[in-house]
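Survey of secondary and tertiary structure
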Amino acid sequence: AQRVTQPEKLLSVFKGAPVELKCNYSYSGSPELFWYVQYSRQRLQLLLRHISRESIKGFTADLNKGETSFHLKKPFAQEEDSAMYYCALIITGGGNKLTFGTGTQLKVEL
Amino acid sequence: DAGVIQSPRHEVTEMGQEVTLRCKPISGHNSLFWYRQTMMRGLELLIYFNNNVPIDDSGMPEDRFSAKMPNASFSTLKIQPSEPRDSAVYFCASSLARAAEAFFGQGTRLTVV
């Protein structure tokens, strides 16, 4: 079965420092990967997806099939980036089953 | 559209009682998901429906949990009997098509005492 692993429960960085939230997946085929974010007192929402290859709020994520990773990166952290981040995947041929990792709480300190 | 609507927002119940969580997906969406969020395990997929039909319920913890989707605009998640370990935030989400963005409700915070 497919699995998403986020090794860090909590990541604390200073404002202006680079951020990297790690995500690894286990699946032998070609999954579609996503990052979702949950800001305090807000709904969980889509941040970005790998097929779009876009930068959202300064965040980017590249799918590395060799390392089965989809790490989320931002060169300079902002205070408003503090939130819970979830990596998720849908496997091809798997219907619409959206599977999440355990999440990483990002805290940006001043 | 008001987005995915869940009710109640908060539920406190005694162990052994039946609990019913409700979800109204976004109109026109054909996939609906139920998730449970805990600190230890993050977001666990409990069950999902496509076109009102349950597709995968392998995440449902045990027979105490059941979910239904009688029509395209309503779904329920029932726990009977409830136990303290069921305490968590339960999210409902809906999406339009495969690999499309999933829209989440605000969640139901369940506390079983």
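All of the points below concern the structure found in this document. Predicted model only: the values in this text are computed from it and were never measured.

1. Overview of the overall build of chain B
Within chain B one finds 0 helices and 11 strands. Moving toward the C terminus, one meets the helices and strands of chain B in the order β-β-β-β-β-β-β-β-β-β-β. Projected onto its principal axes, the C-alpha coordinates of chain B cover approximately 40 × 30 × 25 Å. Looking at chain B as a whole, 49% of its 113 residues are labelled buried. Of the roughly 5,500 Å² of accessible surface on chain B, 51% is carried by carbon and sulfur atoms.

2. Quick look at the pairing of strand 7 (residues 65-71) of chain B
All names here are of chain B. As judged from the 5 bridges shared by strand 7 and strand 8 (residues 74-79), these two strands associate in the antiparallel manner. For Ala67, the partnering residue across the bridge sits in strand 8 and is Leu77. Where strand 7 hands over to strand 8, the hairpin turn is made up of 2 residues, counted between the paired strands.

3. Overview of the nonpolar core
All names here are of chain A. Core analysis: the largest hydrophobic core is formed by 25 residues, its most contacted members being Trp35, Leu47, Leu48, Phe70, Leu72 and Tyr85. Within the residue set of this core, elements represented by two or more residues are strand 2 (10-14), strand 3 (19-21), strand 5 (31-38), strand 6 (45-49), strand 9 (83-91) and strand 11 (104-109). Here the element with the most residues in this core is strand 9; it accounts for 5 residues. If sequence neighbours within four positions are ignored, Leu72 has contacts with Val19, Glu20, Leu21, Trp35, Leu47, Leu48, Phe59, Thr60, Ala61 and Tyr85.

4. Observations concerning the interface of chain A and chain B
It is common to report an interface's size as the accessible area lost on association of the parts. Contacts between chain A and chain B engage 22 residues on the former and 28 residues on the latter. Here chain A and chain B share an interface that buries about 2,000 Å² over both sides, 47% of which is from carbon and sulfur atoms. When residues of chain A are sorted by the area they lose upon contact with chain B, A:Arg43, A:Asn96 and A:Lys97 head the list and together hold 34% of the total. Across the contact surface, chain A and chain B share 1 salt bridge. For B:Asp56, the salt bridge is made with A:Lys97, and the minimal N-O distance between the two is 2.8 Å.

5. Quick look at the packing of aromatic side chains
One pass over the full model with this rule turns up 11 aromatic pairs over all chains. Judged by centre distance (5.6 Å) and plane angle (45 degrees), the rings of A:Phe59 and A:Tyr85 are tilted. Highlighted residues: A:Phe59 in the loop between strand 6 and strand 7 (60-61) and A:Tyr85 in strand 9, separated in sequence by 26 residues. A relative accessible area of 0% places A:Phe59 in the buried class. Using a relative accessible area of 0% as the deciding quantity, one classes A:Tyr85 as buried. Relative to B:Phe104, the ring of B:Phe91 has its centre 6.2 Å away and its plane inclined at 80 degrees; by these criteria the two rings are edge-to-face. Taken together, the positions of B:Phe91 in strand 9 (residues 88-95) and B:Phe104 in strand 10 (residues 103-104) put the pair 13 residues apart, joining distant regions of the chain. Of the residues examined, B:Phe91 reaches a relative accessible area of 3% and is grouped as buried. Following the ring pairs from residue to residue traces out a cluster consisting of A:Phe34, A:Tyr36, A:Tyr86, A:Phe100, B:Phe33, B:Tyr35, B:Tyr48, B:Phe91 and B:Phe104.

6. Regarding unusual backbone geometry
Residue and element names in this part refer to chain B. With omega at -10 degrees, the peptide bond leading from Ser7 into Pro8 counts as cis. Cis geometry is found at the peptide bond from Gln80 to Pro81, where omega equals -5 degrees. Its place among the elements puts Pro81 in the loop between strand 8 and strand 9. Here the phi dihedral of Asn51 falls at roughly 50 degrees; this positive angle occurs in a residue that is not glycine. Phi at Asn52 takes a positive value of approximately 75 degrees, unusual for a residue other than glycine. Take Asn52: it is sitting in the loop between strand 5 (42-50) and strand 6 (53-56). Relative accessible area serves as the criterion here: at 30%, Asn52 is assigned to the partly exposed category.

7. A word on the sheet that holds strand 7 of chain A
Here we have 3 strands laid out as an open sheet, ordered 3-8-7 (chain A), and antiparallel in their pairing. The open sheet is flanked by strand 3 and strand 7 of chain A, the only strands paired with a single partner.

Calculation notes
- Residues numbered from 1 in each chain as written.
- Chains lettered and ligands numbered in written order.
- Predicted model: local features only at pLDDT ≥ 70, side-chain atom pairs only at ≥ 80, totals over all residues.
- Heavy atoms only, no water.
- Helix = DSSP H or I, 4+ residues; strand = E, 2+ residues; numbered from the N terminus.
- Buried < 20%, exposed > 50% of the residue type's maximum accessible area, 1.4 Å probe, protein only.
- Areas by Shrake-Rupley, 256 points an atom, 1.4 Å probe, with all protein chains shown as cover.
- Pairing = 2+ DSSP bridges.
- Core = buried A, V, L, I, M, F, W, Y, C linked by side-chain atoms within 4.5 Å.
- Contact = heavy atoms within 4.5 Å.
- Buried area = accessible area lost by both parts, 1.4 Å probe.
- Salt bridge = Lys/Arg side-chain N within 4 Å of Asp/Glu carboxyl O.
- Phe/Tyr/Trp six-rings, centres within 6.5 Å; stacked < 30°, edge-to-face > 60°.

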